[in-house]
Amino acid sequence: MNGERVVVITDIHGCLDDCRRLLDKMEFDKSRDRLINLGDTIDRGPQIYETFVFLRELKEEMGERCVLIRGNHEQMMLDATRKSLNRRNYKDLWYLNSGEKTVYSFISHKHKINEFRDWYEEMPYFYAEERFLCVHACLKNENPKKNSVETLIWGRDTDYTGKLVLTGHTPYRVPVYFCGKKSADPIAEGMWANLPEKGMIALDTGCVFGNRLSGLVIEDDRFKVLSIRSSVVQGG
Ligand SMILES: [Mn+2]
């Protein structure tokens, strides 16, 4: 193996215990690997503030090897907490999507999430390298800059056939691969395979809804999917 290992996770939604267990299973090494998180770190789950502390420490230690991409939930929070006259509608939207849980998680640790807006504001909408692209939701055009923000963080298109993109956002039972047809091909757990050049790998498996947390390990031009069972009790 020549290059660094890449470890991709997504849609943690405050499920920090599960995130740690998955990173252990992926043998994540913060001193050498690149970590890419595809967004949606906040809202819905049990340990939202703790997830923030964990990721902030990792980012501080790893620097540019830690890539934290923006999801629609970070975007809703940023819109709802922006200092402007017009944020009432944004706050309603965020609270409809579990924003209150994030607010109270920070308050219960004697913080306001507003204190850390700047940290969340630094999250980019996409990440690109030679082998693949990363966005939270989906792409229509393989040039990330030619997609609307709406597509990047909320989109649900699966008919993309451009350069390989890794996504989260829409939960599937297991990680799936799409390339130009409606049906999804499930990706087998723990099996090394060649990294596709085109299409879309969707990694969100609904951990916060009680299913599984999944991630991708990439070494050179090969990848494998690893996952764990969620510890979240539904309705809890
Ligand atoms: Mn999302």
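The preceding data block contains the structure.
None of these values were measured; they are calculated from a predicted model. (Residues numbered from 1 in each chain as written. Predicted model: local features only at pLDDT ≥ 70, side-chain atom pairs only at ≥ 80, totals over all residues.)

Peer 1: Tell me what's going on with helix H2 (residues 48-62), and back it up with residues and numbers.
Peer 2: For H2, built from 15 residues, the straight-helix expectation of 21 Å at 1.5 Å per residue is met to within 8% by its first-to-last C-alpha distance of 21 Å. Those residues of H2 lying buried are Ile48, Tyr49, Thr51 and Phe52. The buried side chains of H2 occupy one side of the element, clustering within an arc of 155° when seen end-on. Every exposed residue of H2 that faces more than 90 degrees away from the buried side is listed here: Glu57 and Glu61. Looking at the buried positions of H2, the neighbouring elements they touch are helix H1 (16-25) and helix H5 (99-107). (Helix = DSSP H or I, 4+ residues; strand = E, 2+ residues; numbered from the N terminus. Expected span 1.5 Å × (residues − 1). Buried ≥ 20, exposed ≤ 12 C-beta atoms within 10 Å, placed from the backbone. Arc of directions from axis to C-beta. Contact = placed C-beta atoms within 7 Å.)

Peer 1: Describe the packing of helix H3 (residues 72-81) against helix H4 (residues 88-96), with residues and values.
Peer 2: The description of two helices packed together rests on the angle between their axes and the distance between the axes. The geometry of H3 relative to H4 is characterised by a closest axis approach of 8 Å and an angle of 145° between their N-to-C directions. By crossing handedness, the relation of H3 to H4 is classed as left-handed. Of H4, the residues touching H3 (which contributes Met76, Met77, Asp79 and Ala80) are Tyr90, Lys91, Leu93 and Trp94. Per-class residue counts for the contact of H3 with H4 are six nonpolar, no polar and two charged. (Axes fitted to C-alpha atoms, helices over the stretch in contact; angles between N-to-C directions. Left-handed = near helix turned anticlockwise from the far one by under 90°. Nonpolar A, V, L, I, M, F, W, Y, C, P; charged D, E, K, R; others polar.)

Peer 1: Quick one: what's the story with the sheet that holds strand E6 (residues 165-167), residue by residue and with numbers?
Peer 2: Taken in spatial order, the six strands of this open sheet run E4-E5-E6-E10-E7-E8, and their pairing is mixed. Edge positions in the sheet fall to strand E4 (126-128) and strand E8 (185-186), since each of these pairs with one other strand and no more. (Pairing = 2+ DSSP bridges.)

Peer 1: Hey, could you go over the environment of tryptophan 192 for me, with residue numbers and the actual values?
Peer 2: Take tryptophan 192: it is sitting in the loop between E8 and strand E9 (193-194). Linking tryptophan 192 and glutamate 219, residues 27 residues apart in sequence, is a C-alpha distance of 9.5 Å. For tryptophan 192, the contacting residues outside a window of four places in its chain are Arg222 and Lys224.

Peer 1: Any chance you could break down unusual backbone geometry for me, citing the residues and the numbers?
Peer 2: With a phi angle near 45°, histidine 13 is a residue other than glycine that sits in the positive phi range. On the neighbour-count criterion, histidine 13 (30 C-beta atoms within 10 Å) is buried. Although it is not a glycine, histidine 169 adopts a positive phi angle of roughly 75°. Residue position: histidine 169 is located in the loop between E6 and strand E7 (176-178). Here histidine 169 falls in the buried class, since 24 other C-beta atoms lie within 10 Å of it.

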